[in-house]
Amino acid sequence: MLKHWPPLNALRGFEAAARLGSFHKAAEALNLTQSAISQQIRSLESYLEQPLFHRSGRSVSLTDAGHDLLSTTQTLLQQLAVGIRRLDQYRKPNQLVVNTTPAFARHWLLPRLADFHQRHPDVDLWLFTSFEAPDMASETIDLAIRDDLGPQAECSFTVLHQDQLYPACHPALPEAGRTTLHGEREMDWSHWQVEGGEDVGQQGKGLNFSDPGLLLEAAGEGLGIALVSQLLARRMVDEGRLRPLSEQRVRGPVWSCLVHWESQEDPLARQFLAWLREALSRHKAAPTGSSQP
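Analysis parameters
- Residues numbered from 1 in each chain as written.
- Predicted model: local features only at pLDDT ≥ 70, side-chain atom pairs only at ≥ 80, totals over all residues.
- Heavy atoms only, no water.
- Helix = DSSP H or I, 4+ residues; strand = E, 2+ residues; numbered from the N terminus.
- Rg over C-alpha atoms; globule rule 2.2 N^0.38 Å.
- Buried < 20%, exposed > 50% of the residue type's maximum accessible area, 1.4 Å probe, protein only.
- Contact = heavy atoms within 4.5 Å.
- Lys, Arg positive; Asp, Glu negative; His and termini not counted.
- Charge placed at Lys NZ, Arg CZ, Asp CG, Glu CD.
- Patch = residues over 30% accessible without salt bridge, like charges linked within 9 Å, V, L, I, M, F, W, Y side chains within 5 Å.
- Areas by Shrake-Rupley, 256 points an atom, 1.4 Å probe, with all protein chains shown as cover.
- Salt bridge = Lys/Arg side-chain N within 4 Å of Asp/Glu carboxyl O.
- Phe/Tyr/Trp six-rings, centres within 6.5 Å; stacked < 30°, edge-to-face > 60°.
- Lys NZ or Arg CZ within 6 Å of the ring centre and 35° of its normal.
- Polar contact = N/O pair within 3.5 Å; in protein donor to acceptor, adjacent residues only side chain to side chain.
- Axes fitted to C-alpha atoms, helices over the stretch in contact; angles between N-to-C directions.
- Left-handed = near helix turned anticlockwise from the far one by under 90°.
- Nonpolar A, V, L, I, M, F, W, Y, C, P; charged D, E, K, R; others polar.
- UniProt positions renumbered as here; feature names shortened; annotations may be inferred.

## With respect to the overall build of the protein
At step 1: A tally of regular secondary structure across the protein gives 10 helices and 11 strands.
At step 2: Taking 2.2 N^0.38 as the reference for a compact globule, 293 residues should give roughly 19 Å; the C-alpha atoms of the protein span a radius of gyration of 29 Å, well beyond that estimate.
At step 3: When each of the 293 residues of the protein is scored for burial, the buried share is 44%.
At step 4: Here the contacts in the protein between residues at least 6 apart in sequence split such that 74% fall between residues at least 24 apart.
At step 5: Measuring between centres, the 28 positive side-chain charges of the protein sit 6 Å from its 35 negative side-chain charges.

Here it is in structure tokens:
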């Protein structure tokens, strides 16, 4: 890293003069005087300790070093402009930033987002997924919906849904020689056994997944039997891609919500939470195998 950087204005002046082939035209383009452009170029050449332009009267042309620097400068200025324009997304007036897990986003929230958007078309929703729970005090997040949350400072904490788990596989998967798919936390078969779950042919070896969403998809693709979330698996069951292997259900993860204190009175956050609670209530009321959204 350089200890000292040339001034950005000098680089802008150099780029304009090099691109337009004239200090005078560069001054007009940047709404500066020609002497200001000349001073910027001289300061840049002094910093680099070599000339960037050949000067002949009023005409200028780039030296070899100038050609080299022009390519670098144009790339730098373009990237800077793109980066600054990208910051506009952080100040949209109706933006709502929602954090959740990739599994919840893909298997439960995404199929229902059309309903939310139809009801609240003015909400500019930004869905931010992460495998780890966010630090709400330091990250720009309005609310988080996850199964790995606990109370945090500067946030309200609410339990939304007590999930249940059951073993499942693809309906066409033969019973003989089924591979056992293993997950983590509650999706580990040891949890099923501790909670008193019946033997459905699970084995200690098999395929292992750290992401419950991938575990669910693997079961739906017919790779083996898995312990799945009743909440997340509902759609795949309704579509005929999964079938339960037991009537028994055991305690699953607890889905909770954190709302940052600055967003608690935000109408956008209130609208989203009201819609979320309604959608979860419909899920609880609908029997497995229904087409309830």
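Anyway, onward from the coordinates.
## Examining a nonpolar patch on the surface
At step 1: Together, L8, L76, L80 and I84 give the surface a local cluster of nonpolar side chains, amounting to about 320 Å² of exposed area.
At step 2: Here the nonpolar patch gets 3 residues from one element, more than from any other, and that element is helix α4 (residues 64–86).
At step 3: With respect to the secondary-structure elements, L76 resides in helix α4.

## Re the packing of aromatic side chains
At step 1: According to the stated counting rule, one finds 9 aromatic pairs in the structure shown.
At step 2: Ring geometry for F23 versus F53: centroids 5.3 Å apart, planes at 85 degrees, classification edge-to-face. You can see F23 sitting in helix α2 (residues 23–30) and its partner F53 sitting in strand β1 (residues 53–56), a full 30 residues away along the chain.
At step 3: On the accessibility criterion, F23 (8% relative accessible area) is buried.
At step 4: F53 sits in the buried class, given a relative accessible area of 4%.
At step 5: Considering the side-chain rings of F104 and W255, the 4.9 Å spacing of their centres and the 40 degrees angle between planes classify their relative orientation as tilted. One end of the pair, F104, is in helix α5 (residues 102–109); the other, W255, is in strand β11 (residues 250–260), and 151 residues separate them in sequence. We note that F104, like W255, is buried.
At step 6: Site record: aromatic cluster; members linked through ring pairs are F104, W108, F116, W255, F272 and W275.
At step 7: The ring of Y166 carries R249 above its face, with NZ or CZ at 4.0 Å from the centroid.

## With respect to the pattern of salt bridges
At step 1: The tally for this structure, following the rule as stated, stands at 14 salt bridges.
At step 2: For D148, the salt bridge identified is with R146, shortest N-O distance 2.7 Å.
At step 3: Note that R282 is salt-bridged to E278, the shortest N-O span being 3.1 Å. Within this pair, R282 and its partner E278 are both found in helix α10 (residues 267–285), separated by 4 residues, close to a single helical turn.
At step 4: Since its relative accessible area comes to 35%, E278 is described here as partly exposed.
At step 5: Beyond isolated ion pairs, a larger network of salt bridges with shared partners links D115, R119, E278 and R282.

## So, helix α9 (residues 230–238)
At step 1: Among the 9 residues in α9, 7 count as buried, and that is most of the element.
At step 2: Among the residues of α9, those classed as buried are Q230, L231, L232, A233, R234, M236 and V237.
At step 3: The opening residue of α9 is S229, an N-cap whose side-chain oxygen sits 3.2 Å from the backbone nitrogen of L231.
At step 4: A positive backbone phi angle near 80 degrees is found at G240, which sits one or two residues after α9.

## Here's the deal with the environment of A168
At step 1: When you line up the elements, A168 lands in strand β6 (residues 155–169).
At step 2: Distance in space between the C-alpha atoms of A168 and G196 is 16 Å, their sequence separation being 28 residues.
At step 3: Contact partners of A168, with chain neighbours within four places excluded, come to A219, G224, I225, A226, V228, L242, R243, P244 and L245.

## Re the packing of helix α1 (residues 8–20) against α4
At step 1: Between α1 and α4, the least distance of the axes is 10 Å, while the angle of their chain directions is 115 degrees. Regarding α1 and α4, the two cross each other, and that crossing is left-handed. Across the interface between the two elements, L8, L11, R12, F14, E15, A18 and R19 of α1 pack against G66, L69, L70, T73, Q74, L77 and L80 of α4.
At step 2: For the contact of α1 with α4, the per-class residue count stands at 8 nonpolar, 3 polar and 3 charged.

## So, the UniProt feature "domain: HTH lysR-type" (unreviewed entry) in the protein
At step 1: Taking the UniProt record as the reference, the feature "domain: HTH lysR-type" (unreviewed entry) is found at residues 6–63.
At step 2: End-to-end, the C-alpha atoms of residues 6–63 are 19 Å apart, and along that stretch the chain is 62% helix and 14% strand.

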